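Overview (structure and organization)
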Amino acid sequence: MKRLALLVGGVFALGAMVWAAQNPLLINGAGASFPNPIYSKWFDEYHKKNANIQFNYQSVGSGAGIKQVTDGTVDFGATDGPMNDDQLKAFQDKRGSAILHFPTVLGAAVPTYNVPGVSGALNFTPEALAGIFLGKITKWNDPALASANKGVNLPANDIVVVHRSDGSGTTYIWTDYLSKISEEWKSKVGKNTSVNWPVGLGGKGNEGVTGLIKQTPNSIGYVELIYAAQNNIPYGAVKNSSGNFVKADLAGVSAAAAGAAKDIPEDFRVSITNAPGKNAYPISSFTWLLIPQKFQDAGKRDAVKGFLKWMLTDGQNYAEGLSYAKLPKEIIEKEKKAINNIQ
Amino acid sequence: MATAKTTLPNAGPVTGSRSFLSRLRDGDEIARLVTMVFAATVVLITLLLVYELWTNSALARAKFGLHFLVTRVWDPNIDQYGALPFMYGTLVTSAVALFIAVPLGIGAAIFLAELAPPRISDTLQFFIDLLAAVPSVIYGLLGVFIIVPLMRTVIFPGLNKPLGFMPFFKGPSYGVGFLTAGIVLAIMVIPYIISVSREVLLSVPRDQREAALALGSTRWESTWKVVVPFAKTGILGSVFLALARALGETMAVTMVIGNTPTISASLFSPGDSIASVIANQFTEATGDVYLQALVELGLVLFLMTFILNGLARILIVVTTQRGSGVPT
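Since this is a predicted model, take the numbers as computed values, not measurements.

Rules used throughout
Residues numbered from 1 in each chain as written. Chains lettered and ligands numbered in written order. Predicted model: local features only at pLDDT ≥ 70, side-chain atom pairs only at ≥ 80, totals over all residues. Helix = DSSP H or I, 4+ residues; strand = E, 2+ residues; numbered from the N terminus. Buried ≥ 20, exposed ≤ 12 C-beta atoms within 10 Å, placed from the backbone. Contact = placed C-beta atoms within 7 Å. Pairing = 2+ DSSP bridges. Right-handed = clockwise from strand over helix to strand, strands pointing away. Axes fitted to C-alpha atoms, helices over the stretch in contact; angles between N-to-C directions. Parallel < 35°, antiparallel > 145°, perpendicular 65-115°, else oblique. Left-handed = near helix turned anticlockwise from the far one by under 90°. Core = buried A, V, L, I, M, F, W, Y, C linked by C-beta atoms within 7 Å. pLDDT = per-residue confidence, 0-100.

A look at the overall build of chain A
When you go through chain A residue by residue, the secondary structure sums to 13 helices and eleven strands. With respect to the principal axes defined by its C-alpha atoms, chain A has extents near 85 × 50 × 35 Å. Each of the 343 residues in chain A was classed as buried or not, and the buried ones make up 49%.

Shown next, in the form of structure tokens:
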């Protein structure tokens, strides 16, 4: 019995010592799931370099991320769609300071489809995409599709639209784009992480949408570029604001951010869908970290600032390996200045 | 299980004149207190659940009132929410599931309990118990990879051609929809119905069967006219267990229902269910009313389950009073 007590005591003492030795500063965050792979990588790498700082990130979704950072249950949030004015005000009211948006990497949504007899990449004009998702273009051989795909034998079949059934940043990017290029979409449907779709079937997650499209002939939907790239899912090109058909790749997404850079507002809350630029892919978006402007704890503040600086420099090199598009240098310079606003 | 009381000897509490202290020493009193706390916990959890659902949906309840139950629109952009298409989808898929699963399940249970040789019955029962333990996502995958294509290429043409004049079987079919979800749910709940019904049938006293046979009935007559009516309460219990599972099933349904809030008489139409939409939209729901509308959907599902269970109780009371031979 005595030995047992000694043993238990010893284990506790050892645990306490280990805890004391590796008692890093814990900084908790929560939010978007789309950037979770790169955030995990970053936080892991950053901890290796700075053993005294440990970031914890829960990918609970953008909505929950905004809610948790507003409630003060986490130190920072992350989102795929910028916070709206009401949400900024709610944060100001509850926490007594502003919240800052920091773009970290970029993502994109791509149109993917299953049309019997069509193997190559299809070209989509903005009008065609809006028409299809509004339920106005119902046949694959509609002139709006045929004129952009000369030489492709499009069948006279009914189009089956597939969208995400779960709330998602990808849906936000997609509907944000449709809102920009179609007045009708903007007034009838609007942009959000989930919307009241005029037509179509819902699939859960990128894999759900892909599964439905693979199984349903004559279907069209949208998935994240990363998902399409990693799973070799064929996808189409979209006509950008310069009139070029661009098939999404990481360079095209970064180009969209570069094109939008000179008009970017001070708070970085900007949509870069349909951005100017010859090679810009039009359905691209930032994903943001949400950092409170004022920290109570100076240690946490300095750790967060240090991380942001690292993320904008060395951290960016990890992006393309994980299929995220890097920030263009114009944006990085602006963000470096914005870090000084954190107090 | 309801049948235990028919087989066990009546073992009431042995109390009498012994003092509280001696009962405490024997453990009776401790056992009584401990188990009572456990029982109270269950009640407490239920109450807490209702309280949470109620308070966390206050905004949505105030904004929409009872209109929530009859509104078809679900649009986060204009902050308008209505539960009707989801309630419809939940009820229709569960009804389809029971329509398929009840005859199949009870039929199989009768075979296993009454007609099959014991060795075959036990072996099959082992597999049925295995099926009952399969996670629902697996049934969802079964639905996606087998039933959805089958629906589009075989079942839909097969039903639409002869019966397409009826609104229930109108096209087009995308493979996913109410009927597909109902079939997947049926496959999921059949093991429950078989397993429980078989146990109930097996526990019908032997003398009931012997009496029927002695009166000159055939094997089937004694099964169908004596044993099954005797076990009716328990069999109904198994059906309501299945219904509860079907109402609340989330993952398998969301994979095959099409996730489109529609109200359509056609069973081939894509739809949505309460559990499915909550699972889909909760994590990314921004805005208080949106979030609370989802919680209110949870409340609606809870009430639906509650009401259906109440109806089940009434049904059991009514049918047993009509004299099925079950001692009450």
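Things to note about the overall build of chain B
Check the secondary structure of chain B and you find 14 helices and two strands. Its C-alpha atoms give chain B principal-axis dimensions of roughly 70 × 60 × 35 Å. Relative to its 328 residues, chain B shows a buried fraction of 38%. Once local pairs closer than 6 in sequence are excluded, the contacts in chain B between residues at least 24 apart make up 77%.

Overview of the pairing of strand β1 (residues 25-31) of chain A
Residue and element names in this part refer to chain A. Relative to strand β2 (residues 53-58), β1 is paired through six bridges, and the arrangement is parallel. The partner of Asn28 across the bridge, within β2, is Asn56. Considered for its hand, the β-α-β crossover made up of β1, helix α2 (residues 36-49) and β2 is right-handed. Where β1 lies against strand β3 (residues 76-79), three bridges are found, and the strand directions are parallel. When the sheet's bridge partners are listed, Ala30 is paired in β3 with Gly77.

Quick word on the interface of chain B and chain A
Taken together, the contact pairs 23 residues of chain B with 24 residues of chain A. Only β1 (74-75), α7 (136-163), α12 (251-256) and α13 (274-281) of chain B provide two or more residues apiece to the side of chain B that touches chain A. For the side of chain B that touches chain A, the element with the highest residue contribution is α7 of chain B, accounting for three residues.

Looking at the pairing of strand β6 (residues 160-164) of chain A
All names here are of chain A. The buried count for β6 comes to five of five residues, which makes it a mostly enclosed element. Strand direction decides the pairing type here: β6 and strand β8 (residues 219-224), joined by two bridges, are parallel. When the bridges of β8 are listed, Val161 appears paired with Ile220. The pairing of β6 with strand β7 (residues 201-203) spans three bridges and is parallel. Residue Arg164 lies in a different strand from β7, and its bridge partner there is Gly203.

Notes on the sheet that holds β7 of chain A
All names here are of chain A. Here eight strands make up an open sheet; going across it, the order is β2-β1-β3-β11-β4-β8-β6-β7 and the pairing mixed. If you trace the sheet from one side to the other, it starts and ends with β2 and β7, each paired once. Strand-to-strand twist of the sheet, defined as the mean angle between neighbouring strand axes without regard to direction, takes the value 25°. Relative to the sheet, α2 contacts β2, β3 and β4 (99-114), its axis offset from that of β2 by approximately 165°.

Here's the deal with the sheet that holds strand β9 (residues 237-239) of chain A
Residues and elements named next belong to chain A. Taking strand neighbours across the sheet as the criterion, the three strands line up as β5-β9-β10 in an open arrangement whose pairing is mixed. Two strands in the sheet have a free side with no partner beyond their single neighbour: β5 (123-124) and β10 (245-247). Inspection of the sheet shows β5 paired to β9 by two bridges, in the parallel sense. Across the sheet, the residue bridging to Asn123 is Ala237, located in β9.

A word on the packing of α7 of chain B against helix α8 (residues 178-202) of chain B
To describe two helices that pack against each other, one gives the angle between their axes and the distance between the axes. All names here are of chain B. With their axes 10 Å apart at the nearest point, α7 and α8 run at an angle of 135° to one another. As the angle between them shows, α7 and α8 are arranged oblique. As for the relative orientation of α7 and α8, their crossing is right-handed in sense. On the side of α7, the interface is formed by Ser136, Tyr139, Gly140, Gly143, Ile147, Val148 and Met151, while α8 contributes Leu179, Thr180, Ile183, Val184, Ile187 and Met188.

Some remarks on the environment of Ser165 of chain A
Relative to the helices and strands, Ser165 of chain A resides in the loop between β6 and α7 (169-181). Look at Ser165 of chain A and you get buried, because 30 C-beta atoms sit within 10 Å. For Ser165 of chain A and Val209 of chain A, which are 44 residues apart along the polypeptide, the C-alpha to C-alpha distance reads 8.6 Å. Beyond its immediate stretch of four places on either side in the chain, Ser165 of chain A contacts Gly202, Gly203, Lys204 and Gly208 of chain A together with Thr254, Asn259 and Asn280 of chain B.

Regarding the nonpolar core
In this structure, Ala257 and Leu290 of chain A together with Val184, Val189, Ile193 and Val256 of chain B are the most contacted members of the largest nonpolar core, which totals 173 residues. Take this core: its biggest share by element is 17 residues, from α8 of chain B. Each residue touching Val184 of chain B, except ones within four places of it in the same chain, is listed here: Tyr139, Gly140, Gly143, Ile147, Ala252 and Val256 of chain B.

What about unusual backbone geometry?
Of note in the backbone geometry, Ser323 of chain A takes a positive phi value of approximately 70° without being a glycine. Accessibility expressed as a C-beta count within 10 Å gives 19 for Ser323 of chain A, which makes it partly exposed. One non-glycine residue, Asp79 of chain B, adopts positive backbone phi at about 55°. One can find Asp79 of chain B in the loop between β1 and β2 (80-81).

Considering the confidence of the model for chain B
Residue and element names in this part refer to chain B. Confidence in the prediction of chain B, expressed as mean pLDDT, is 87, and 92% of residues score 70 or more. Contacts for the low-pLDDT stretch residues 1-12, under 50 throughout, to residues beyond four places or in other chains number eleven contacts. Counted against residues more than four places away or in other chains, residues 323-328, with its pLDDT under 50, gives twelve contacts. Here the predicted complex scores 0.84 on pTM and 0.80 on ipTM.

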